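Chain residues, written in single-letter form:
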Amino acid sequence: MILIGLPKGRIYKEIRQLLENSGIHLKEDKRKLIFGSSEKNIQFSILRGWDIPKFVSYGAVDIGIVGKDVLLETEEENFFEVLDLEIGKCRLSLAAKEKKVSELAGSTIASKFPKETNNFLSENFIDAEIIELKGSIEIAPILGISDYIVDLVNTGNTLKENGLKELKVIKEISTRLIVNKSKFRTKNKEIKKFIQRIKSD
Amino acid sequence: MSDFWNLPDGVEEIVPPLSTNLEKTKTELLDYFHSKGFDLIFTPLVEYSDSIGGLANEELSRSSFQFSDTSSERSLALRPDISQQVARIDRRFLTEKNKKYCYYGEVTKKPLGSFTKAISTMKVGLEIFYDSETGVKEDIFNALSGALKKLGLKDYVLTIGDISILDEILDKLRFPLDKRNKLKDILSSRSKSDLSEFLKQEGIGKRTLAILSNLLDIIGDYEQEFKNLNLICKELKIDPKKLKSIKQSFDILEKNKIKNVLVDMVDFPGYSYHSGIVFSIFQPKTGVPLINGGQYKTPFSKANKKERKGMGFDIDLISILKLQSK
């Protein structure tokens with residue numbers, strides 16, 4: 001039996017479609033936290049995306065499906081990132097109202113992704129202050145608490161609507177399949193078979 | 001003062017029945033190892049930060065809790081690992097003979113991710129130091145097989161790899177030495193997209209990506225994956241003798257009736273001082289390895305002007321006993 005953690009929210013539908021295309025039909029039941037599928041040995045649980053690396057690291061679920069943006073920020077490390085599902089594609093970008101990339105030094109940057117923002121600054125030898133926010137990042141420059149933002153950009157419409165310009169793509173983001181390191185060994189055949197099915201779609 | 005009695009995360013008091021069981025199991029294992037010719041030794045809990053771990057100083061020092069000794073004004077570290085301390089004891093004897101040691105003790109290491117918050121645990125282990133490898137793998141895997149029986153560990157999977165083959169592959173690919181640590185981090189995450197991005201950034205060609213991607217896929221049944229490994233080695237014109245060590249290890253494991261052996265060519269268990277065969281034992285009910293081991297060059301082989309090597313393993317006794325009480 002393998003248990004797979006799926007993220008709530010915008011990419012759930014895409015993941016469900018991907019599974020359907022691979023011949024795995026979910027038997028969703030709102031009353032149950034863990035539900036089955038058309039495959040006897042595969043069960044699913046819907047979890048908060050940000051918690052999925054933790055559930056996988058602890059081996060509470062064998063496999064997790066989660067965005068690369070979450071993986072970049074997690075402190076967990078007891079999992080393998082075995083497959084890029086190439087869905088839920090977007091980009092982690094630097095944006096600002098009027099500022100340019102060259103004016104980053106000494107500025108303030110609001111982001112939900114402080115770890116990756118810090119990596120970007122360090123790699124470019126830039127010293128700037130990162131303000132960690134949990135949501136509504138675009139409002140930070142408008143209300144004047146930051147000069148820039150680092151956030152996920154899909155179509156760019158939200159940025160435009162808030163008078164912000166995308167200045168630099170920091171990282172391309174897509175949905176990844178992660179597997180607990182121990183479970184990848186102890187349930188090797190079952191997990192590899194599942195990955196193969198998803199891959200061949 | 002409300003948290004006066006609280007302990008730091010990852011530190012625990014061990015009470016009955018776990019404490020009694022721990023003492024009993026530890027004694028059984030050490031008696032068993034002693035009966036197989038391993039001498040019991042005790043190593044210090046505290047060392048100087050700038051020398052802890054010998055050749056693996058940088059990594060072990062980074063993982064250790066450190067504090068300052070006000071009298072000597074030197075920085076001290078709590079040991080995160082015992083194998084490298086045993087290697088120092090071996091160095092004292094300046095011998096060419098094989099020396100066999102077993103040990104028991106507490107190790108503490110800094111938590112890296114929140115998952116690894118178990119910063120303090122009890123390890124039982126053994127090491128053999130040698131100039132000539134004859135019989136070493138047999139002794140190690142025989143002792144491992146005996147220990148698994150004593151522990152009553154069932155449904156386990158043993159993964160085996162060989163760091164020297166990976167190094168040989170990287171040599172053949174002329175992979176830059178200064179980029180190898182970063183590469184090994186990526187390989188150990190098994191992320192092909194991160195690998196592709198990294199190689200692209202470094203301007204390294206598609207052939208390297210194809211070969212390393214194939215290497216990432218090598219995790220599975222010994223028979224099949226050994227063939228796949230052979231194909232990679234053939235393509236790179238690596239001497240087939242290089243695969244002798246992993247094959248020999250598998251044969252010894254089979255002779256010891258250790259089943260469920262998987263080949264995993266990008267497993268770097270424990271600390272990265274290993275330089276040859278590496279192995280780990282996993283169990284389906286837990287998300288962490290319960291036993292880690294492998295071959296390594298000893299920290300003092302240069303000073304001794306001899307290529308002295310070590311091989312051993314350690315057992316995370318508390319994790320195993322907790323698992324069995326579930």
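None of the values given here were measured: they were computed from a predicted structure.

What counts, and at which threshold
- Residues numbered from 1 in each chain as written.
- Chains lettered and ligands numbered in written order.
- Predicted model: local features only at pLDDT ≥ 70, side-chain atom pairs only at ≥ 80, totals over all residues.
- Heavy atoms only, no water.
- Pairing = 2+ DSSP bridges.
- Helix = DSSP H or I, 4+ residues; strand = E, 2+ residues; numbered from the N terminus.
- Contact = heavy atoms within 4.5 Å.
- Axes fitted to C-alpha atoms, helices over the stretch in contact; angles between N-to-C directions.
- Buried < 20%, exposed > 50% of the residue type's maximum accessible area, 1.4 Å probe, protein only.
- Polar contact = N/O pair within 3.5 Å; in protein donor to acceptor, adjacent residues only side chain to side chain.
- Patch = residues over 30% accessible without salt bridge, like charges linked within 9 Å, V, L, I, M, F, W, Y side chains within 5 Å.
- Areas by Shrake-Rupley, 256 points an atom, 1.4 Å probe, with all protein chains shown as cover.
- Salt bridge = Lys/Arg side-chain N within 4 Å of Asp/Glu carboxyl O.
- Buried area = accessible area lost by both parts, 1.4 Å probe.
- Nonpolar A, V, L, I, M, F, W, Y, C, P; charged D, E, K, R; others polar.
- Domains from an automatic or database assignment.
- Core = buried A, V, L, I, M, F, W, Y, C linked by side-chain atoms within 4.5 Å.
- Expected span 1.5 Å × (residues − 1).
- Parallel < 35°, antiparallel > 145°, perpendicular 65-115°, else oblique.
- Left-handed = near helix turned anticlockwise from the far one by under 90°.

Could you give an account of the sheet that holds strand 1 (residues 2-7) of chain A, with specific residues and numbers?
Adjacent strands of a sheet pair through backbone hydrogen bonds, lying either parallel or antiparallel. All names here are of chain A. A sheet is described by the order of its strands in space; here six strands give the open sequence 2-3-1-4-11-5, paired in mixed fashion. At either margin of the open sheet sits one strand with a lone partner, and together these are strand 2 (34-35) and strand 5 (79-84). The sheet strands contacting helix 1 (residues 12-21) are strand 1, strand 2, strand 3 (42-47), strand 4 (63-67) and strand 11 (175-180), and the helix crosses strand 1 at an angle near 145°.

Mind laying out the side chain of R180 of chain B, listing which residues take part and the relevant values?
Residues and elements named next belong to chain B. Tracing the backbone shows R180 in helix 6 (residues 180-189). With a relative accessible area of 9%, R180 lands in the buried category. A polar side-chain atom of R180 sits 3.4 Å from the main-chain carbonyl oxygen of L170. In this structure the side chain of R180 is engaged in a polar contact, spanning 2.9 Å, whose partner is the side chain of D171. Beyond its immediate sequence surroundings of up to four residues, R180 is in contact with D167, L170, D171 and F175.

Help me get a handle on the side chain of S280 of chain B, residues and values and all.
Tracing the backbone shows S280 of chain B in strand 10 (residues 274-282). If we skip the residues at most four places from it in the chain, S280 of chain B touches V157, L158, T159, D267, P269, P289, I291 and N292 of chain B.

Any chance you could break down a nonpolar patch on the surface for me, citing the residues and the numbers?
Together, I139, I142 and L143 of chain A make up an exposed nonpolar region whose accessible area comes to about 270 Å². Relative to the assigned elements, L143 of chain A resides in the loop between helix 5 (139-142) and strand 9 (148-153).

Provide a residue-level description of the sheet that holds strand 5 (residues 99-108) of chain B, including the pertinent values.
Residue and element names in this part refer to chain B. The nine strands are arranged 1-5-6-12-11-10-7-9-8 in an open sheet whose pairing can be described as mixed. One side of each edge strand has no neighbouring strand; the edge strands of this open sheet are strand 1 (39-41) and strand 8 (219-221). The sheet shows a mean angle of 20° between the axes of neighbouring strands, taken without regard to direction. Alignment of strand 1 against strand 5, held across three bridges, turns out to be parallel. Counted as the bridge partner of D39 is Y101 from strand 5. Helix 10 (residues 244-255) contacts strand 7 (157-162), strand 9 (261-264), strand 10 and strand 11 (291-297) of the sheet and is inclined by roughly 160° relative to strand 7.

So what about the interface of chain A and chain B? Which residues, and what values?
Of the residues lining the interface, 25 residues belong to chain A; the matching set on chain B comes to 29 residues. Buried area between chain A and chain B, both sides added, is near 2100 Å², and the carbon and sulfur share of it is 48%. The interface formed by chain A and chain B includes six salt bridges. Of the charged contacts, one joins R185 of chain A and D264 of chain B as a salt bridge, the two residues approaching to 2.7 Å between their closest N and O atoms. Elements with a minimum of two residues in the side of chain A that touches chain B: helix 2 (52-57), strand 5, strand 11, helix 7 (181-186) and helix 8 (188-199) of chain A. When residues of the side of chain A that touches chain B are assigned to their parent elements, the largest contribution, six residues, is made by helix 7 of chain A. Residues that form the side of chain A that touches chain B fall into these classes: four nonpolar, six polar and 15 charged.

Which residues make up the domain arrangement of chain A, and what values do they have?
All names here are of chain A. By domain assignment, chain A separates into domain 1 (2-88 + 174-199) and domain 2 (90-173). Spacing between the C-alpha centres of domain 1 and domain 2 amounts to 29 Å. For the pair domain 1 and domain 2, the summed buried area comes to about 940 Å², and 56% of that belongs to carbon and sulfur atoms. Its largest share of buried area at the contact with domain 2, domain 1 owes to D69, L72 and E73, together 54% of the area lost on that side. Linking domain 1 with domain 2 are one salt bridge. Where K115 meets E75, a salt bridge forms, and the shortest distance between an N and an O atom there is 4.0 Å. Between domain 1 and domain 2 we count four residue pairs in polar contact (both at pLDDT 80 or more) in total. The residue makeup of the side of domain 1 that touches domain 2, split by class, is two nonpolar, three polar and five charged.

Please set out the pattern of salt bridges residue by residue, giving values where relevant.
Oppositely charged side chains are able to pair whenever their charged atoms sit close together. By the definition in use, this model includes 36 salt bridges over all chains. Here K54 of chain A ties to E76 of chain A by a salt bridge, and the two come within 3.0 Å at their closest N and O atoms. Here K54 of chain A is found in helix 2, whereas its partner E76 of chain A is found in the loop between helix 3 (68-73) and strand 5, with 22 residues between them in sequence. For R308 of chain B, the salt bridge identified is with D90 of chain B, shortest N-O distance 2.7 Å. Residue R308 of chain B is found in the loop between strand 11 and strand 12 (309-316), and its partner D90 of chain B is found in helix 3 (residues 83-92); the two are separated by 218 residues along the sequence. We note that R308 of chain B, like D90 of chain B, is buried.

Got a sec to walk through the nonpolar core? Specific residues and values, please.
Ranked by size, the top nonpolar core spans 74 residues in total, and within it F33, F141, L144, L215, F313 and I315 of chain B carry the most contacts. By residue number, the principal contributor to this core is helix 4 (residues 136-151) of chain B, which donates eight residues. Each residue touching L144 of chain B, except ones within four places of it in the same chain, is listed here: L158, I258, F279, I281, I291 and F313 of chain B. Within the second largest apolar cluster, 28 residues are counted, among which are I11, L18, I87 and I191 of chain A.

Got a sec to walk through the environment of E73 of chain A? Specific residues and values, please.
Residues and elements named next belong to chain A. Here E73 is to be found in helix 3. Among the residues examined, E73 registers a relative accessible area of 12% and is labelled buried. In this structure, the C-alpha to C-alpha distance between E73 and K112, residues 39 residues apart in sequence, is 9.1 Å. In contact with E73, other than residues within four places in its own chain, are W50, K112, F113, P114, K115 and E116. At 2.9 Å, the side chain of E73 and the backbone nitrogen of E116 are in polar contact.

Give me helix 4 of chain B: which residues, what numbers.
Given a rise of 1.5 Å per residue, 16 residues ought to cover 22 Å, and the 22 Å separating the end C-alpha atoms of helix 4 of chain B matches this to within 8%. Inspection of helix 4 of chain B places V136, K137, I140, F141, A143, L144, S145, G146, A147, L148 and L151 of chain B among the buried residues, and these make up the whole buried set.

Tell me about the packing of helix 4 of chain B against helix 10 of chain B, residues and numbers included.
All names here are of chain B. Across the interface, helix 4 lies against helix 10 with an axial gap of 10 Å and an inter-helix angle of 40°. Considering their axes alone, helix 4 and helix 10 lie oblique with respect to each other. By crossing handedness, the relation of helix 4 to helix 10 is classed as right-handed. Here K137, E138 and F141 of helix 4 lie close against helix 10, whose contacting residues are S245, Q248, S249, I252 and L253. Taken together, the residues that form the contact of helix 4 with helix 10 break down as three nonpolar, three polar and two charged.

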